[in-house]
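Take a look at the letters that make up each chain.
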Amino acid sequence: MSKRVCCTHCQGTIEIASRAMSVFCPLCNKRLVVEDIRVQRYYAVRELATCGDVLVSARGHLVAAVKAGNLTVNGRLQGNVAVGGCVRLGKQAAVLGDIRAPRIRVEDGATLRGFVRIEGGAAEPVPGTEPEPPADPQRPAAPRSSRSSRSQRDAQTPSTRARKRVSEP
Ligand SMILES: [Zn+2]
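Residues numbered from 1 in each chain as written. Predicted model: local features only at pLDDT ≥ 70, side-chain atom pairs only at ≥ 80, totals over all residues.

*Asks:* Teacher, can you tell me more about the nonpolar core here?
*Replies:* Grouped burial of nonpolar side chains is what soluble globular proteins tend to show. In terms of nonpolar packing, the biggest core is built from 24 residues, with L71 and V87 touching the most fellow members. Contributions of two or more residues to this core are made by β6 (42-49), β7 (53-56), β8 (61-68), β9 (70-73), β11 (81-83), β12 (86-89) and β14 (99-101). In terms of residue count, the dominant contributor to this core is β8 (4 residues). Every residue in contact with L71, bar those within four places of it in the chain, is listed here: V54, V66, V81, V83 and V87. The next biggest cluster of nonpolar side chains, apart from the first, holds 8 residues, and it includes V5, C6, C7 and I16. (Core = buried A, V, L, I, M, F, W, Y, C linked by C-beta atoms within 7 Å. Buried ≥ 20, exposed ≤ 12 C-beta atoms within 10 Å, placed from the backbone. Helix = DSSP H or I, 4+ residues; strand = E, 2+ residues; numbered from the N terminus. Contact = placed C-beta atoms within 7 Å.)

What follows is the structure, given as structure tokens:
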């Protein structure tokens, strides 16, 4: 069993054993933490980096720059965030810092003070999807496949789904 994660150092997508707790990135040769981290109290550190998920629970107060596969905040977070997957801010979340992630879900009541950049999702292969077919030099002008393989991921909001129509000539 293996899974794909995003290296917190070089942002490359690598494949690791799903039970591994710590691996070396084959792309940049740096050590990676892949376990999930749960913050349930005050915790301050310069950087909290894992390819797994970071959860700040309702009583948690994390002061750190965060690099993670996914991030869920139900408590407080001070620090800049770079996430390869999805950031979720619960209704009691209070975040002070900049966030960069392909997907962000903010519940009603959450507070966020900082810049938000939603990017990095479309260009990178998403874990769980099949690899892209080789590029066709004579590809048609309008893409016909809607890449519905990502539809199982419910993180998409309706506004991010652009409707495309392929009109017949
Ligand atoms: Zn790397």
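Picking up where we left off.
*Asks:* How should I be thinking about unusual backbone geometry in this particular structure?
*Replies:* Note: most peptide bonds trans; most residues except glycine with negative phi. Even without being a glycine, Q11 presents a positive backbone phi close to 65°. Judged by local crowding, Q11 falls into the partly exposed class, with 14 C-beta atoms found within 10 Å.

*Asks:* Where do I start with the environment of C6 in this structure?
*Replies:* Tracing the backbone through its elements, the reader meets C6 in strand β1 (residues 2-6). A sequence separation of 45 residues divides C6 from C51, and the C-alpha atoms of the two residues are 6.2 Å apart. Beyond its immediate stretch of four places on either side in the chain, C6 contacts Q11, T13, C51, G69 and G84.

*Asks:* Could you clarify how one ought to interpret the pairing of β7 in this entry?
*Replies:* Each regular strand shows side chains that alternate between the opposite faces of the sheet. Looking at chain direction, strand β5 (residues 37-39) and β7 are connected through 3 bridges and run parallel. For R38, the partnering residue across the bridge sits in β7 and is L55. As judged from the 4 bridges shared by β7 and β9, these two strands associate in the parallel manner. Residue pairing for β9: V54 is matched across the bridge by L71. (Pairing = 2+ DSSP bridges.)

*Asks:* Explain the sheet that holds β7 to me, please; I cannot follow it from the model alone.
*Replies:* Adjacent strands of a sheet form backbone hydrogen bonds with each other and so pair up, either parallel or antiparallel. The strand order across the open sheet formed by 5 strands is β5-β7-β9-β12-β15, and the pairing between neighbours is parallel. Both edges of this open sheet fall to β5 and β15 (103-106), since each of them pairs with a single strand only. Pairwise comparison of adjacent strand axes, ignoring direction, gives a mean angle of 5° for this sheet. Sheet analysis places β12 next to β15, joined by 4 bridges and oriented parallel. Of the residues in β15, the one forming a bridge with C86 is R103. (Axes fitted to C-alpha atoms, helices over the stretch in contact; angles between N-to-C directions.)

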